[in-house]
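# Survey of secondary and tertiary structure
Residues per chain are reported as follows:
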Amino acid sequence: MTIKLRPHHLLCMLTYVGKGYNPAFTANYNQVIARLMAGEDIMIHEGPDDICQPLLATREPHCLRDSVAERDAKAARDVGQLLGRPLHAGDVINLDGGILDDLRNAFLNGVTRSACTGCEWFDLCSAVSATGYPETRLKLS
């Protein structure tokens, strides 16, 4: 099985500490993280993905906004440059500890943060990365 992730969620997962928009969102995100830790691959997805699912039932879900699609484009560009290949819908990433470390180092150093501009979680993610990601849920060896 693969986990469908929109590009900007490749960044969000780096700093996820169990906080989210509502309890259903957080419970679902915890399940996605558990699947990643169990070794499932990531498939790049355009539009609402496995993390977004609980929000689709809410009134005017933000995951359908144009600003989120713009965030995805910036994240795909930045992460693709880091990985040395363009990222497109349907591409598969086998996330391992080395890639996770590279993504987190780039995030901490601002290399992959262009997609984060204007995000309501910016300050939380900045604090999590600045302290070395100690309480993040996603752990890989």
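For the structure, check the block above.
Let me sum up the structure you'll find in this document.

The rules behind each value
- Residues numbered from 1 in each chain as written.
- Predicted model: local features only at pLDDT ≥ 70, side-chain atom pairs only at ≥ 80, totals over all residues.
- Heavy atoms only, no water.
- Helix = DSSP H or I, 4+ residues; strand = E, 2+ residues; numbered from the N terminus.
- Expected span 1.5 Å × (residues − 1).
- Buried < 20%, exposed > 50% of the residue type's maximum accessible area, 1.4 Å probe, protein only.
- Arc of directions from axis to C-beta.
- Contact = heavy atoms within 4.5 Å.
- Polar contact = N/O pair within 3.5 Å; in protein donor to acceptor, adjacent residues only side chain to side chain.
- 1 Å grid on protein atoms, 1.4 Å probe; cavity = no way out; pocket = protein on both sides within 12 Å on 5 of 7 lines; lining within 4 Å.
- Points joined across faces, edges and corners; volume = space filled by probe spheres on them.
- Nonpolar A, V, L, I, M, F, W, Y, C, P; charged D, E, K, R; others polar.
- Phe/Tyr/Trp six-rings, centres within 6.5 Å; stacked < 30°, edge-to-face > 60°.

### Notes on helix 2 (residues 23-37)
The end-to-end C-alpha distance of helix 2, which contains 15 residues, comes to 21 Å, matching closely the 21 Å that a straight helix rising 1.5 Å per residue would cover. Within helix 2 the residues assigned to the buried category are Phe-25, Thr-26, Asn-28, Tyr-29, Val-32, Ile-33 and Leu-36. Across the axial projection of helix 2, the buried residues extend over an arc of 165 degrees, all falling on one side. Set apart from the buried face of helix 2 by more than 90 degrees, the exposed residues are Pro-23 and Gln-31. Among the structural elements, strand 1 (2-5), helix 1 (9-15) and strand 2 (41-44) are those in contact with the buried residues of helix 2. A side-chain oxygen of the first residue of helix 2 lies 3.1 Å from the backbone nitrogen of Ala-24; this N-cap is Asn-22.

### A closer look at the layout of surface pockets
By volume, the largest pocket amounts to about 390 Å³. Around the largest pocket, the lining is made up of 26 residues, and of these Cys-12, Tyr-21, His-62, Cys-119 and Trp-121 lie nearest the centre. Within the residue set of the lining of the largest pocket, elements represented by two or more residues are helix 1, helix 2, helix 3 (66-83) and helix 5 (122-130). In terms of residue class, the lining of the largest pocket is built from 14 nonpolar, seven polar and five charged.

### With respect to empty space enclosed by the protein
For the coordinates displayed, the defined rule picks out one cavity of 30 Å³ or more. The space that makes up the largest cavity amounts to roughly 90 Å³. Lining the largest cavity are His-8, Leu-11, Cys-12, Thr-15, Arg-71, Phe-107, Ala-115, Cys-116, Cys-119 and Cys-125. At three residues, helix 1 tops the list of elements feeding residues into the lining of the largest cavity.

### Some points on unusual backbone geometry
The backbone of Glu-60 sits at a positive phi, close to 50 degrees, despite the residue not being glycine. Mapped onto the secondary structure, Glu-60 falls in the loop between strand 2 and helix 3. Given a relative accessible area of 60%, Glu-60 falls into the exposed group. Positive phi is not limited to glycine here, since Tyr-133 has a value of about 65 degrees. Mapped onto the elements, Tyr-133 comes out in the segment after helix 5. Using a relative accessible area of 8% as the deciding quantity, one classes Tyr-133 as buried.

### What about the packing of aromatic side chains?
Within this structure, the stated rule accounts for four aromatic pairs. With a centroid separation of 3.8 Å and 5 degrees between ring planes, the pair formed by Tyr-16 and Tyr-29 is classed as stacked. One end of the pair, Tyr-16, is in the loop between helix 1 and helix 2; the other, Tyr-29, is in helix 2, with 13 residues separating them in the sequence. On the accessibility criterion, Tyr-16 (3% relative accessible area) is buried. Under the relative-accessibility criterion, Tyr-29 is labelled buried at 4%. These aromatic residues form a ring-pair network of at least three members: Tyr-16, Tyr-21, Phe-25, Tyr-29 and Trp-121.

### Focus on helix 3
Helical geometry note: an α-helix holds 3.6 residues per turn, so side chains three or four residues apart project in the same direction. Across its 18 residues, helix 3 extends 25 Å between first and last C-alpha, which sits within 8% of the 26 Å expected from 1.5 Å per residue. All of the buried residues along helix 3 are Val-68, Arg-71, Asp-72, Ala-75, Ala-76, Asp-78, Val-79 and Gly-80. Contacts made by the buried residues of helix 3 are with helix 1 and helix 4 (97-108).

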